[in-house]
Every structure is written in C-alpha cells, then in structure tokens.
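Inside the fold
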Amino acid sequence: MEAAMGLMRRIPPKHTDTALSALLSLLPHHSSDLLSQVDQPLQVLCDIESGKEFILCEYNRDADSYRSPWTNKYHPPLEDGALPSLELRKLEVEANDIFAIYRDQYYEGGISSVYMWEDDNEGFVACFLIKKDGSKTAQGRRGYLQEGAWDAIHVIEVGPEDEGMAQYRLTSTVMLSLTTDNESSGTFSLSGSIRRQMDMNLSVAEGHICNMGRMIEEMESKLRNSLDQVYFGKTKEMVCTLRPPAEIVMRLPDC
Amino acid sequence: MADVEEAELSDKQKKEIAKWFLLNSPAGEIQYVSKDVKAILNDEELYNEAASEAFPLYNKSQMICLEMPGRIGDVLVTSFGELKENEFLDLRTAQVAIVDHIKQVCTGLRPALDDELPSPYVEEFRCSLDAEILKYVGEAYPKGVCSVYCTKGKDVEGPGSDFDLVVVISAARLSPQNFCNGSWRSVWNIEFKDVEQILELRGKLQVGAHYFEEGNVQLDAKHECKDTTVFQSPDDCAITIASIIRHHETEYLASLEASYSNLPDTTFKDLRRKLPVTRTLFPWHNTLQFNLTRDLTKELGIGK
C-alpha cells in the first residue's frame, strides 16, 4: 500500500485516472484503501428532474447509485438508499444553495455539491465539492486555457455542540491542471494536487454553514496561493536552474 | 466507482501495467518508481521482464547521460546513437559504450569500427558543429551534455548529396532531497541540402519539472521551431547553426518565464479568481443578502 501511494506521488497528475485503475487491478484487496486515500478528478451526473448537474464521490454513493443534492434521490434509483436525517437534509439544502453562490463568485461557473451525513459521535460530516472546467471551450471566461481543470474536495468533520462551541476539522484536496498552447511558445502544461488540514474551535452563534464556509474560503485561497507561488514557483526555479536566463549566464563551478 | 471485480490479471497484463508505470516516471525517478513497482508486483521474474523492456525505452526517451570508464567523458543514450540495444556510439571520442539499462551505468567501452563512423566529408561538418555546440552548451547550461550524430547519408563522400545531422542537448537536475527534479531536452534536426545549398533546421524542445514535497506538481512544456540558413564551409555552418540554436532556445526560455508570470493574475483566473468581483470576502453571515440573491439565482437560472 505504501508503494502504491509512493507511485501516485510520482506519476504525472494528468495520468491519475489511469494510474489508479492500474493499481486497483493489481491490488484488488486494497481497493477500499486506494479509493479513499487517492484523490481522483471528480465526475458528474445530470439530475434530469432538477435540470442540474451534481458531483459524484464516495460520500453520496450507495452501492452503484449516487444521491443528488438537489432532489435527494438516487441515480439510478435505489430502494432504501442511505439518506441524511430530515434536520440534516434541511441544512444540506441551505448549504448547497449558499455554496452555489460562493462558487459562482469565485469560479464564475463550474458545478458544486454539498453532502452531509450523521457520524457516530453525535456530530456530522459535510463534504463540499467544486468542479470547474476552465478551458476556453468550456467556462474559461478569458480564453487563456487550452485545457484547465480545478477539482476541490473539502471534508469537514463537525463535533457535537458543547457550550455554544463546536470543533471543526477540515481536510481539503485541490487537484488542478492547466495547459496553454500557442504558436510562439508551444505547449505549457502544469498540473498538480495538494492536500491540507485545518482544525478550528468556533462559536455556533452564526450557524454551522457560516463557520464551515469561512474555513473553506480561507483554505481555498491559501491553497490557490500555495499552488501558484510555492509549487509552480518551484518548477519555474528548476527550469531556470537547468538553463539560466541570458542575463545571468555565468560559469557555475563544477560540483 | 463500482466495486472492483476480484478477477486475476494475466501475467502479460501485469507486465504491461508495470511497464506503463516505469515508462511514465518523471525525469530521474525511474529507480524510485521501480522499487515501488517491484513491491506491488511481488513477482521478481515478471518485474525483471517488464524492466528489461521498459528501461531501454525510458533511457532513450529521457536521453540519459552516463559516464564512460577512464574519465574520457560522458555518453548520451539516445535512439540516434544506438547501434544495438545496449551499444551506444559517442562520436566525439569515437568509442562505443556498452550500457546496462536497468542499472543505468556504462559497463564497458570499445573503439568504434570504421563503418560505424561517418565519412571524412560528413565528419568535418559534424566535428566543427560538435565543437561549436559544446561551447554553447558549456555557456548556457550549467550541467548540460550534448552530442551531434549523423542520421542520414553518413557515407556521403563529397558534395553532390544530401545528409542530415542531429544535435542533441540533454540537461537534468536531480535534487530528490529537495523533492525536486527536472530535465531539459533539445533535439535539432539539420538537413544539409546540396542542390538548394541550404540547411533546414527543425528543433524540438522539451522541459519537465517535478516538485513533490507534500504534494505532487509537474510541469510539462514542449515547443517546436524551424529555421533556414545557407550551406557554407563546415566551420561557418557550425557557427551559424549554433547561433540559430542559441537564439531559439533563449527565446523559448523567455516565453516560459512569461507563461509563469502570467499565471497568478491571468491564466489562473480562468480557473479560480483570487477574490470575487466585489473584492471582498464572501459574506457568509449575511442571510438577507442570500435570500435576495437566492431569488435572483432562481430567476436568472444561474447555478445550473
């Protein structure tokens, strides 16, 4: 299993799907571990009844069906599929509506879904997902990207309320890829994935959605900056080490 | 994400998967990948078969650079210099390196035979070009290795026939302790056209980088370019070719830098803005605004 995770860190991110299928077929006994630990790009189904799309993940799956956050029904239909409690479902509906607006403000398009379910500790778990296709043929407003995808998965474990406070643990994964392609500079492709965690103990005065939303917003901004500055920055540093720009050409001592 | 069937894969299928992982390793990481693949396969014989097929392909495509015994220099492992699966020609020293692909080392050396080398006429051009490229690479690449091969017409005796040379530049920077590896590969095909008295150059540049400290990010960039110049004496050809290559590669590096500086504010924005258009954080607590926007959202059909 360790070897499998090692491989996933080295294989180019754009081959994640192929790599995961390959590992699943080589290690069928580890399939549930692999599926829960390896991040894969998100897939989407259309909920015909509501006319909206929703995102698929392990958290809205039961057997081979997936539950739509818009209608609370399983696709394909499933008898006795797992459903959140009435109260939690109310929260889930509100979260989906608000998150859709947040998503539109930052992503200018894309698809979002929120799923909630009770956990064993009298708290609950919420999963916020966003999928954005930024390529110029899809929803890339400015037409820069030949290909571009941002997939975000935020899982928040919310502890039970205790004296007006609650414990929140957020685990976020962002997977992204972008490709620009033009005459003068050829194909330029960056892709990657990172995962981070954040723990907070907050007052529930303004409600769970407010708390969770703020945490996610902060985390997404941090991840965006990190990817841009640190991660992509390191690859740029590497290119300039391989072949320093003309202005800095000098003989480096032989190591 | 349906439940995976527990059907056993055939040995052939397992071998193909192992090869796929090996071939898709980033620059300089095949040895690490191979350890993981070996552990997962759990079948030494099958792994060895896969490795013996994958390593040569990987080494040639990555254009790895191996030290030749006797400190006479380095040899590049490329399809252009390949005489046999494990024999690679180094024209600068007129030696043939015997290579162990899986261990990625040069295990032996022998002098090149006359018929493995280009004719004296072609060699004059090749040698002058090699010297110029060596100078260029020494200046532009801190750790670059280069080679010039003849890919067509190596037995051409004198003027009256066409021949082709190829310039290969390979630079790799491996820093696994810093979780960062990268490689730059240039392949320049040069057609020496006798009748038209011109040289046609076609360059393919490929740059890759991998950073994997608590994450996994990779750069994959490619570019193709063309140029033409007149057929001159070997020395003059060499100087002109080297300066054309230097010009295009410098320009390419500049455009890579430009792509990077466009990222934060331009390119990335098509994926996710830094802030909403309002330039403030999202007002999570303002439910009144939500009710209004929710109605608007429904009316305008946004959020589909």
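Residues numbered from 1 in each chain as written. Chains lettered and ligands numbered in written order. Predicted model: local features only at pLDDT ≥ 70, side-chain atom pairs only at ≥ 80, totals over all residues. Heavy atoms only, no water.

What follows deals with the overall build of chain A. Within chain A, the regular secondary structure consists of 5 helices and 10 strands. Once the C-alpha set of chain A is aligned to its principal axes, its extents read approximately 70 × 40 × 40 Å. Sequence-distant contacts in chain A: of pairs separated by 6 or more residues, those separated by 24 or more amount to 49%. When the accessible surface of chain A is totalled, it reaches about 11600 Å², and 49% of it is carbon and sulfur. Here chain A holds 25 positive side-chain charges and 40 negative ones, and the gap between their average locations is 9 Å. (Helix = DSSP H or I, 4+ residues; strand = E, 2+ residues; numbered from the N terminus. Contact = heavy atoms within 4.5 Å. Areas by Shrake-Rupley, 256 points an atom, 1.4 Å probe, with all protein chains shown as cover. Lys, Arg positive; Asp, Glu negative; His and termini not counted. Charge placed at Lys NZ, Arg CZ, Asp CG, Glu CD.)

Looking now at the pairing of strand β8 (residues 147-158) of chain A. All names here are of chain A. Within β8, 9 of the 12 residues are buried, which leaves the element mostly enclosed by the surrounding structure. Taken together, the 10 bridges between strand β7 (residues 124-133) and β8 define a ladder with antiparallel strand orientation. What sits directly across from K132, in β8, is W150. The sheet contact formed by β8 and strand β9 (residues 165-182) spans 12 bridges and is antiparallel. Note on β9: the bridge partner recorded for E157 is R169. Connecting β8 to the next strand, β9, in antiparallel fashion are 6 residues, including E163 with a positive phi near 55°. (Buried < 20%, exposed > 50% of the residue type's maximum accessible area, 1.4 Å probe, protein only. Pairing = 2+ DSSP bridges.)

For the rest of this paragraph, the subject is the sheet that holds strand β5 (residues 74-75) of chain A. All names here are of chain A. One open sheet holds the 3 strands; their spatial order is β3-β4-β5, and the pairing between them is antiparallel. Both edges of this open sheet fall to β3 (61-62) and β5, since each of them pairs with a single strand only. In this structure, strand β4 (residues 65-67) lies alongside β5, joined through 2 bridges in antiparallel fashion. The residue bridging R67 from the neighbouring strand is Y74, located in β5.

Inspection of every chain in the model, using the stated rule, returns 25 aromatic pairs over all chains. Judged by centre distance (5.8 Å) and plane angle (65°), the ring pair of Y107 of chain A and W150 of chain A falls under edge-to-face. Taken together, the positions of Y107 of chain A in helix α4 (residues 86-107) and W150 of chain A in strand β8 put the pair 43 residues apart, joining distant regions of the chain. Here the aromatic rings of F188 of chain A and Y260 of chain B are separated by 5.1 Å at their centres, their planes lie at 90°, and the arrangement is edge-to-face. Of this pair, F188 of chain A sits in strand β10 (residues 186-203) while Y260 of chain B sits in helix α5 (residues 234-262), on two different chains. Y260 of chain B matches F188 of chain A in its accessibility class, with the two residues each being buried. Through a chain of ring-to-ring contacts, three or more aromatic side chains come together here, namely F99, Y102, Y106 and F128 of chain A together with F282 and W284 of chain B. In this structure, R272 of chain B packs its charged tip against the face of Y106 of chain A, placed 4.2 Å from the ring centre. (Phe/Tyr/Trp six-rings, centres within 6.5 Å; stacked < 30°, edge-to-face > 60°. Lys NZ or Arg CZ within 6 Å of the ring centre and 35° of its normal.)

Residue and element names in this part refer to chain B. Tallied over the full model, the rule gives 34 salt bridges over all chains. Among the ionic pairs, K60 bridges to E82, the shortest N-O distance being 2.9 Å. Of this pair, K60 sits in helix α3 (residues 44-62) while E82 is found in strand β3 (residues 82-84), placing the two residues 22 residues apart along the sequence. For K60, a relative accessible area of 19% corresponds to the buried category. (Salt bridge = Lys/Arg side-chain N within 4 Å of Asp/Glu carboxyl O.)

With that out of the way, let us pick up the interface of chain B and chain A. When the parts of a complex come together, some accessible area is lost, and that lost area is often taken as the interface size. Between chain B and chain A, the residue contacts involve 87 residues of the former and 106 residues of the latter. Where chain B abuts chain A, roughly 8800 Å² becomes buried across the two surfaces, and 64% of that area is made up of carbon and sulfur atoms. For the interface between chain B and chain A, the tally reads 6 salt bridges. Seen at the junction of chain B and chain A, the total is 32 residue pairs in polar contact (both at pLDDT 80 or more). Top contributing element to the side of chain B that touches chain A by residue count: α5 of chain B, with 10 residues. (Buried area = accessible area lost by both parts, 1.4 Å probe. Polar contact = N/O pair within 3.5 Å; in protein donor to acceptor, adjacent residues only side chain to side chain.)

Another aspect to go through is the environment of R67 of chain A. All names here are of chain A. Relative to the elements of secondary structure, R67 occurs in strand β4. Judged by its relative accessible area of 3%, R67 falls in the buried class. For R67 and L78, which are 11 residues apart along the polypeptide, the C-alpha to C-alpha distance reads 9.2 Å. Beyond its immediate chain neighbours, meaning those up to four positions away, R67 contacts F54, N60, N72, K73, Y74, A82, L83, P84, R89, E92, Y115 and M116. In this structure the side chain of R67 is engaged in a polar contact, spanning 2.7 Å, whose partner is the side chain of N72. One polar contact links R67 to E92, side chain to side chain, over a distance of 2.8 Å.

A few words on the confidence of the model for chain B. All names here are of chain B. Residues of chain B with pLDDT of at least 70 account for 92%, and the chain-wide mean is 88. Counting contacts from residues 1-6, a segment whose pLDDT is below 50, to residues more than four positions away or on other chains yields 15 contacts. With a pTM of 0.85, the predicted complex shows an ipTM of 0.83. (pLDDT = per-residue confidence, 0-100.)

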